[in-house]
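Working through the structure, step by step
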Amino acid sequence: MTLSVTEGSALAKRLLATLLPIALLSVPLQLLAQPSSDSDGTVDNVSDDLPLEEIQTFAEVFERIKRAYVEDVEDRTLLRNAMRGMLSELDPHSAYLDKEEYQSLRESTEGEFGGIGIEVGMENGQLMIITPIDDTPASEAGLMSRDIIISIDGTPTEGMSLQEAVTLMRGDPDTTLDISVLRAGEESPREFTLTREIIRSESVKHELLETGYGYLRISQFQSRTPEQAREALQRMAREQPLDGLVLDLRNNPGGVLQAAVGVADLFLDEGLIVYTEGRIPDNELSFSASADTPAEDVPLVVLINGGSASAAEIVAGALQDQRRGVIMGTDSFGKGSVQQIMPLGNGEGLKLTTALYYTPQGRSIQAQGIEPDVDVVRGRLEVAEGRREIRESDLEGHLQSQQAPRDQEEVSQRLREDYQLSEALNLLKALNVVDRRRH
């Protein structure tokens, strides 16, 4: 194939001279990295038809921008934008990270940054909230999973990359951020003004809902989450063994893969937890449960919803496939892809999707999610005014019981406000009744 460029386009020629040696090197590198052979021993020929016309077109587009665009643009900016576009067109989670973005991602991984506390993603070109993080300005303001962010500080998000949006929302503590969101079923956007804080997300919380019935909330999966969850289980069971546990993974955007495996392992003593499949062997991983399991016999209900994503779906999928607990709530988000952070020599980096997650029974999470065993939509428990039932103890002159009155524990305010959680507790009690009758 003969290459030519417009006469006099020295810049395009120079760019081609740089790009072509790099492109030509890619074929032998591919062949060396991933050779394969047919049954007769011959090596399959990886496609060596380089898109030379596209490389030429790229150089020509580069030249036209440099010559005719209304403003002068640095070569470095054009090349970086080209790399951003190359990655952003792959899927919603792959991205080119400049130094600021790379540092921002590291801060998120370490669990401390200045922001409002939301996990965001792209869906059909729209910036969508995957979930607000517990106890952050976003959750306290009432932002919800699947809200579409249409502007940030007056800047429309249409056409904005995910990393650009994250950079705009991050900032120094005590500074304000205005965002407009469009909520499903509503015609007019909602306006929010939030004050940024240092987001230090504690990933594990726990409490006893009633005597013997525990509540374990995991808001995201960080490196210490399995250790914190184990400690929480031990504290709740210190006085007496748990008769049941609610594991709350609602609005959990995911996090560290190994942390999800560690949490699932708290409830499983054997069997597969999750495996991944990618194009190269290094991205094909498999994780199984160990025998050291502090809560293998505790009756378990797992709460999920549309904000439960990625690592949260790994845990729910493993427990569901292993028949270890009852999954309750609504369908999860469906993010079943694995991203690797790859540092570049210039201090920048790539976030690249390299594999997909699969549950123990081989179900893909990607764009499918986890379907609950019991569908329960979120709601609020309310007592109808004036409809309190009359009981024997309300009647004047009723006979007193010969037994000491039972201790009436106060119903948790959390149960009053959270219909799904209340239903999970009721299911645990029912499971215990069935189990006692079997014995």
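Residues numbered from 1 in each chain as written. Predicted model: local features only at pLDDT ≥ 70, side-chain atom pairs only at ≥ 80, totals over all residues. Heavy atoms only, no water.

Here we take up the overall build of the protein. Each helix and strand counted, the protein has 11 helices and 19 strands in total. Sequence-distant contacts, at least 24 apart, represent 68% of the contacts inside the protein between residues at least 6 apart. Within the structure as shown, the protein displays about 25300 Å² of accessible surface, and the carbon and sulfur contribution to it stands at 48%. (Helix = DSSP H or I, 4+ residues; strand = E, 2+ residues; numbered from the N terminus. Contact = heavy atoms within 4.5 Å. Areas by Shrake-Rupley, 256 points an atom, 1.4 Å probe, with all protein chains shown as cover.)

Right, let's talk about the pattern of salt bridges for a bit. Oppositely charged side chains are able to pair whenever their charged atoms sit close together. Counted under the stated rule, the structure contains 18 salt bridges. Among the salt bridges present, the one from D248 reaches R217, with a minimum N-O distance of 3.5 Å. A residue pair is termed long-range when its members are at least 10 positions apart, and D248 in strand β12 (residues 244-248) and R217 in strand β11 (residues 213-218) qualify at 31 residues. The pair formed by D248 and R217 is uniform in burial state, with each residue classed as buried. Salt-bridge contacts for R250 lead to D418; the nearest nitrogen and oxygen are separated by 2.6 Å. Remark: D418 occurs in the loop between α10 (413-417) and α11 (419-438) and R250 occurs in the loop between β12 and α8 (257-265); sequence separation between them is 168 residues. Of the residues examined, R250 reaches a relative accessible area of 4% and is grouped as buried. (Salt bridge = Lys/Arg side-chain N within 4 Å of Asp/Glu carboxyl O. Buried < 20%, exposed > 50% of the residue type's maximum accessible area, 1.4 Å probe, protein only.)

A separate point is the sheet that holds β11. The sheet built from six strands is open, its strands ordered β10-β11-β12-β15-β16-β19 with mixed pairing. Each having just a single partner strand, β10 (204-210) and β19 (374-375) make up the two edges of the open sheet. Note: β11 against β12, five bridges, orientation parallel. Looking at β12, one finds that L216 is bridged to L247. In the packing of helix α7 (residues 225-236) onto the sheet, contacts are made with β10, β11 and β12, and the angle to β10 comes to roughly 20°. (Pairing = 2+ DSSP bridges. Axes fitted to C-alpha atoms, helices over the stretch in contact; angles between N-to-C directions.)

What follows covers a negative patch on the surface. Taken together, the side chains of D269, E270, E296 and D297 present a region of like negative charge at the surface. Among the structural elements, D269 can be located in the loop between α8 and β13 (272-278). Classification of D269 by relative accessible area gives partly exposed; the value is 33%. (Patch = residues over 30% accessible without salt bridge, like charges linked within 9 Å, V, L, I, M, F, W, Y side chains within 5 Å. Lys, Arg positive; Asp, Glu negative; His and termini not counted. Charge placed at Lys NZ, Arg CZ, Asp CG, Glu CD.)

A separate point is the packing of aromatic side chains. Counted by the stated rule, this structure contains one aromatic pair. Between Y275 and Y358, the ring centres sit 5.3 Å apart and the planes meet at 15°, which makes this aromatic pair stacked. Of this pair, Y275 sits in strand β13 while Y358 sits in strand β18 (residues 349-358), and the two are 83 residues apart along the sequence. The class of Y358 is buried, set by a relative accessible area of 16%. (Phe/Tyr/Trp six-rings, centres within 6.5 Å; stacked < 30°, edge-to-face > 60°.)

Moving on, we come to the pairing of strand β16 (residues 326-329). Both strand β15 (residues 300-304) and β16 contribute to a ladder of four bridges, which runs parallel. Within β16, the residue paired with V301 across the bridge is V326. Examined bridge by bridge, β16 and β19 share two bridges and lie parallel to one another. Residue pairing across strands places M328 opposite V374, the latter belonging to β19.

A word on the environment of G347. Structurally, G347 is set in the loop between β17 (337-343) and β18. The residues touching G347, leaving out its near neighbours within four places in the chain, are K99 and Y102.

Averaged over all residues, the pLDDT of the protein is 82; the fraction at 70 or higher stands at 77%. Contacts from residues 1-8, a stretch scored under 50 in pLDDT, to residues over four places away or in other chains number 13 contacts. Note on residues 380-411: pLDDT is under 50 here. Beyond four places in sequence and across chains, it has 15 contacts. (pLDDT = per-residue confidence, 0-100.)

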